[in-house]
Structure formats: C-alpha cells, structure tokens
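Report on the structure
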Amino acid sequence: MLVSVAVMVLATVTSCKVSYTFNGASINYTKVKSIQIADFPIRSNYVWGPMSSIFNNQLKDQYANHTKLQQVKRNGDLKLEGEITRYEQRNKSVSAEGSSAQVELSITVNVRFTNNTDHKADFEKTFTANQSYDSKLSLNSVQEELVTQMVKDITDQIFNATVADW
C-alpha cells in the first residue's frame, strides 16, 4: 500500500512541470533569448553627471542578474531604449516657521519597449521615482544615495513592466 502511494506521488510529481521564479520574471526562453538595452541619455534641464551611468549600469544589471537573456548590441528579441527626461527637486513640506522642512527629489524616465516576438507587448511609458530629504542637508551630501535608491526603484518598475507577468 505504501509503495503504491509513493509510486502515484512520484508519477504525479514527475508528470507535472511547474516553473517558479522569485524575481517575478515570466519569460518564454524558447522564443525570447536576447535583449538589447540602449544607453539612456539625460534630456532633463537639471543634470547630475553620474546619474546616467548609474541608471544605465543598474538597468543592464537588473536583466543580467534576474534573467537568462543574452544582452546584445542589435537585433534583440526584446529592445529597451529611452531617455531620462526629468531630474528635479521641489519643496515638499513647510516648517512651523514657514521655511522648507523637506525637499523632494525625483527622476522621470521615458521608456520605449519593443518585443520583437510579440508586438502586442510593445509600449512607451514614463516611470518616476521620488525621495525626500531634510532641507537642512545639502543636495550634494545626499544626492548619490537618493539617486541610487530612485534608480533602483525605476529599474524595478521597468523590469516588472517588461518581463514580469503579475
């Protein structure tokens, strides 16, 4: 009896194929094998020089670390291109004395995604991330940390919009 139950369980387990990924990627690797990621230039009025390389490296790393897609220079099954369109700061809250208490920093990125195996999935969208900091601090003292956090947020959003099936 125990042997027959074990055989039935084993047959059931081996006959079913379930694929789970913990990063949210849902890619049919039999159709989609490569991704082409263009460098995103900064097209905003306000510019912080290192932001472009931080963004471009993080975006490429996101796909390299969480998919099996080969990154190619041209003719990718998937294609990502776009530009950083806004980088700005604005007062977020006011203190009791009437001065700025918090400053909000934001980045907006325009993305054009092409899926050469299924053009119904193509899109052009903007993605935005924000971080706040105390106005007593200078932007120079917090900029790298905040930009890194916002870039991580935006690249997660892009990844989810392109290869995650939530």
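Heads up: the structure comes first, above all this text.
If you're wondering where the values come from, they're calculated on a predicted model, not measured in any experiment. (Residues numbered from 1 in each chain as written. Predicted model: local features only at pLDDT ≥ 70, side-chain atom pairs only at ≥ 80, totals over all residues. Heavy atoms only, no water.)

1. Some points on the nonpolar core
Formed by 36 residues in total, the largest nonpolar core has its most connected members in Phe-55, Tyr-63, Leu-80, Ile-107 and Ile-158. Mapped by element, the contributors of at least two residues to this core are β1 (34-37), α2 (50-66), β3 (78-94), β4 (100-115), β5 (123-134) and α3 (139-163). When residues in this core are grouped by element, the largest group, ten residues, is from α3. In this view, Leu-80 contacts Ile-35, Gln-36, Ile-37, Ala-38, Phe-40, Leu-59, Tyr-63, Val-111, Arg-112, Phe-113, Ile-158 and Thr-162; residues no more than four positions away in its chain are not counted. (Core = buried A, V, L, I, M, F, W, Y, C linked by side-chain atoms within 4.5 Å. Buried < 20%, exposed > 50% of the residue type's maximum accessible area, 1.4 Å probe, protein only. Helix = DSSP H or I, 4+ residues; strand = E, 2+ residues; numbered from the N terminus. Contact = heavy atoms within 4.5 Å.)

2. Considerations on α3
A rise of 1.5 Å per residue sets the reference length of α3, with its 25 residues, at 36 Å; its end C-alpha atoms lie 34 Å apart and thus fit the reference within 8%. Largest kink in α3: about 30°, centred on Glu-145. (Expected span 1.5 Å × (residues − 1). Bend = angle between axes of the 7 residues up to and from the residue.)

3. Structural notes on the environment of Asn-75
Mapped onto the secondary structure, Asn-75 falls in the loop between β2 (70-71) and β3. Taking the relative accessible area as the measure of exposure, Asn-75 reaches 67% and is therefore exposed. Taking C-alpha positions, Asn-75 is 8.8 Å from Asn-116, a pair spaced 41 residues apart along the chain.

4. Some details on the environment of Leu-80
With respect to the helices, strands and loops of the structure, Leu-80 is situated in strand β3. What makes Leu-80 buried here is its relative accessible area of 0%. In this structure the C-alpha to C-alpha distance between Leu-80 and Gln-36, which are 44 residues apart in sequence, comes to 6.2 Å.

5. So, α2
When the terminal C-alpha atoms of α2 are compared, their 24 Å separation across 17 residues agrees well with the 24 Å that a helix rising 1.5 Å per residue should span. Among all positions of α2, only Met-51, Ser-52, Phe-55, Asn-56, Leu-59, Gln-62 and Tyr-63 are buried. One side of α2 holds all its buried residues, which, seen down the axis, span an arc of 130°. (Arc of directions from axis to C-beta.)

6. Concerning the side chain of Gln-36
Examined against the element boundaries, Gln-36 turns out to sit in strand β1. Note on Gln-36: relative accessible area 13%, which makes it buried. Here Asn-75 takes part through its backbone nitrogen, which lies 3.1 Å from a polar atom of the side chain of Gln-36. (Polar contact = N/O pair within 3.5 Å; in protein donor to acceptor, adjacent residues only side chain to side chain.)

7. Some remarks on the packing of aromatic side chains
Given two aromatic rings, their pairing is described by the distance between the two centres and the angle made by the two planes. As enumerated under the stated definition, the model contains five aromatic pairs in all. Measuring from ring centre to ring centre gives 5.2 Å for Tyr-63 and Phe-159, while their planes differ by 55°; the resulting arrangement is tilted. Of the two residues, Tyr-63 is situated in helix α2 and Phe-159 in helix α3; the sequence distance between them amounts to 96 residues. Ring pairing ties together the aromatic residues Phe-113, Phe-123 and Phe-127, which thus form one cluster. Sitting over the ring of Tyr-29, Lys-68 keeps its end group 4.6 Å from the ring centre. Its end group placed over the ring of Phe-123, Lys-125 keeps NZ or CZ at 4.7 Å from the ring centre. (Phe/Tyr/Trp six-rings, centres within 6.5 Å; stacked < 30°, edge-to-face > 60°. Lys NZ or Arg CZ within 6 Å of the ring centre and 35° of its normal.)

By themselves, these observations are geometric and do not establish any function.
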